[in-house]
Amino acid sequence: QVQLVESGGGLVQPGGSLRLSCAASGSPFSINYMGWYRQAPGKQRELVARINSGGSTNYAASVKGRFTISRDNAKNTVYLQMNSLKPEDTAVYYCNTFAVVSGTKTDYWGQGTQVTVSS
């Protein structure tokens, strides 16, 4: 089994920056991709950004140019650098990975970290 632990959420003013981290640990595994989703009250969970094993990235149109996803393979950690934050970025952010454990492909989720953008 793979465990995901997020950190870095908090309160920030509009236009500010925040950096989220997610560390994967557990059974021996290989990661196909790691990414971030978010869910605001009354809205569906949406993909924010992801990075695959080859380093290719994808972003939601709403965050492109403001957010940057990166990874440290040695630490099995993915980061989300969030700049020029807007109130509409307020949500619970969830780390997600699609990993292979003993030949089985499985989606894993973190507990979530709250990001609040407000004056």
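All of these numbers come straight from a predicted model, not from anything done at the bench. (Residues numbered from 1 in each chain as written. Predicted model: local features only at pLDDT ≥ 70, side-chain atom pairs only at ≥ 80, totals over all residues. Heavy atoms only, no water.)

*Asks:* Is there a simple way to think about the pattern of salt bridges in this case?
*Replies:* When the charged atoms of two side chains lie near each other, side chains of opposite charge can form a pair. As enumerated under the stated definition, the model contains 3 salt bridges in all. One salt bridge connects Glu46 with Arg38, and the closest N-O pair in it is separated by 2.8 Å. Exposure remark for Arg38: the relative accessible area of 6% places this residue in the buried category. Where Arg38 meets Asp89, a salt bridge forms, and the shortest distance between an N and an O atom there is 2.9 Å. Placement of the pair is Arg38 in strand E4 (residues 30-39) and Asp89 in the loop between strand E8 (77-82) and strand E9 (91-101), with a sequence separation of 51 residues. In this pair, the class of Arg38 matches that of Asp89, namely buried. Shared partners join several salt bridges into a network, and the residues in it are Arg38, Glu46, Arg66 and Asp89. (Salt bridge = Lys/Arg side-chain N within 4 Å of Asp/Glu carboxyl O. Buried < 20%, exposed > 50% of the residue type's maximum accessible area, 1.4 Å probe, protein only. Helix = DSSP H or I, 4+ residues; strand = E, 2+ residues; numbered from the N terminus.)

*Asks:* Mind showing me how you'd approach the sheet that holds E8 here?
*Replies:* To summarise the sheet geometry, strands pair through backbone hydrogen bonds and adopt either a parallel or an antiparallel arrangement. Strand order in the open sheet made by the 4 strands is E1-E3-E8-E7, with antiparallel pairing throughout. Only two strands of the sheet have a single partner each, and these edge strands are strand E1 (2-7) and strand E7 (67-72). Strand-to-strand, the axes of this sheet are offset by a mean angle of 15°, without reference to chain direction. Two elements, E7 and E8, share 6 bridges in a ladder whose sense is antiparallel. Paired with Ser70 across the bridge in E8 is Tyr79. (Pairing = 2+ DSSP bridges. Axes fitted to C-alpha atoms, helices over the stretch in contact; angles between N-to-C directions.)

*Asks:* Any chance you could explain the side chain of Glu6 here in plain terms?
*Replies:* Along the chain, Glu6 falls in strand E1. Although Glu6 is buried, it forms no salt bridge, and the closest oppositely charged side chain is Arg45 at an N-O distance of 8.0 Å. A distance of 2.8 Å separates a polar side-chain atom of Glu6 from the backbone nitrogen of Cys95. Not counting residues up to four positions away in its chain, the partners in contact with Glu6 are Ser21, Cys22, Trp36, Tyr93, Tyr94, Cys95, Gly110, Gln111, Gly112 and Thr113. (Lys, Arg positive; Asp, Glu negative; His and termini not counted. Polar contact = N/O pair within 3.5 Å; in protein donor to acceptor, adjacent residues only side chain to side chain. Contact = heavy atoms within 4.5 Å.)

*Asks:* Got a minute to help me understand the state of the cysteines in this structure?
*Replies:* As used in these notes, a disulfide is a covalent bond between sulfur atoms, one from each of two cysteines. Scanning the model with the defined rule gives 1 disulfide in all. A disulfide bridge connects Cys22 with Cys95, and the sulfur atoms are separated by 2.0 Å. Since a negative S-S torsion denotes a left-handed disulfide, the Cys22-Cys95 link at about -85° is left-handed. Of the two residues, Cys22 sits in strand E3 (residues 18-26) while Cys95 sits in strand E9, which places them 73 residues apart along the sequence. You'll find Cys22 and Cys95 in the same group, each marked buried. (Disulfide = S-S within 2.5 Å.)

*Asks:* Hey, could you run me through the side chain of Asn96 in this one?
*Replies:* By the secondary structure assignment, Asn96 is in strand E9. Polar side-chain contacts of Asn96 include one of 3.1 Å to the backbone oxygen of Tyr108. Discounting residues that sit within four places of it in the chain, Asn96 has contacts with Leu4, Tyr33, Met34, Gly35, Tyr37, Asp107, Tyr108 and Trp109.

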